[in-house]
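A look at the structure
Spelled out from the first residue to the last, the chains are:
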Amino acid sequence: MKYTVTIPDFDYSFSPNKSKGRWWRYGDNLKDEHYGIMETAIIKQGRPKRILKPPVHLTIYFHPKDKRKRDLDNCLASQKYYIDATIGEIIEGDSADELSMSIFYDSNTENREIIFEFEEVKK
């Protein structure tokens, strides 16, 4: 089974390199904000028929509006709370034995979005 959810804006507010100290100082506010954004996207785009069973592979596609080069590890770090918000909604858990990931970055697109593609892995 496969499930895709799109966040319609590209948010770097939780990047570990963005303004030193911001990560810890504003963590709870950003967590609540990112949970709300992901929850709204899931509701708007339709919940999956069932929670995906592990192992699940998550592919994240970053599509920023600008042409700036960014480190993929920082892109991934900035998505932590979005991924955490999918637990119990799309996936059972995000531990290493339940979730694997691939990340891609493409700045040559018209849409500014992040696409999360979840797919159950056949054993």
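As a starting point, this report considers the structure included with it. (Residues numbered from 1 in each chain as written. Predicted model: local features only at pLDDT ≥ 70, side-chain atom pairs only at ≥ 80, totals over all residues. Heavy atoms only, no water.)

**Focus: the pairing of strand E1 (residues 2-7)**
On E1, burial follows the alternation: Tyr3, Val5 and Ile7 on one face are buried, whereas Lys2, Thr4 and Thr6 on the facing-out side are not. With 6 bridges connecting them, E1 and strand E4 (residues 113-120) associate as antiparallel partners. The partner of Ile7 across the bridge, within E4, is Ile114. (Buried < 20%, exposed > 50% of the residue type's maximum accessible area, 1.4 Å probe, protein only. Helix = DSSP H or I, 4+ residues; strand = E, 2+ residues; numbered from the N terminus. Pairing = 2+ DSSP bridges.)

**Remarks on the packing of aromatic side chains**
Summed over all chains, the structure comprises 3 aromatic pairs. Their ring planes at 15° and their centres at 5.5 Å tell us that Tyr61 and Phe104 sit as a pair that is stacked. Residue Tyr61 is located in strand E2 (residues 56-63), and its partner Phe104 is located in strand E3 (residues 99-105); the two are separated by 43 residues in the primary sequence. Take Tyr61: its relative accessible area is 27%, and that puts it in the partly exposed class. A relative accessible area of 44% places Phe104 in the partly exposed class. Measuring from ring centre to ring centre gives 6.2 Å for Tyr82 and Phe116, while their planes differ by 70°; the resulting arrangement is edge-to-face. Of this pair, Tyr82 sits in helix H4 (residues 80-84) while Phe116 sits in strand E4, placing them 34 residues apart in sequence. The exposure classification of Tyr82 matches that of Phe116, with both residues buried. (Phe/Tyr/Trp six-rings, centres within 6.5 Å; stacked < 30°, edge-to-face > 60°.)

**Looking at the nonpolar core**
Ranked by size, the top nonpolar core spans 21 residues in total, and within it Val5, Met38, Ile90, Phe116 and Phe118 carry the most contacts. The set of elements that each furnish at least two residues to this core consists of E1, helix H2 (27-45), E2, H4 and E4. Considering each element in turn, this core owes the most residues, 4 residues, to E2. Residues contacting Met38, with those up to four places away along its chain left out, are Val5, Ile7, Tyr82, Ala85, Thr86 and Phe116. (Core = buried A, V, L, I, M, F, W, Y, C linked by side-chain atoms within 4.5 Å. Contact = heavy atoms within 4.5 Å.)

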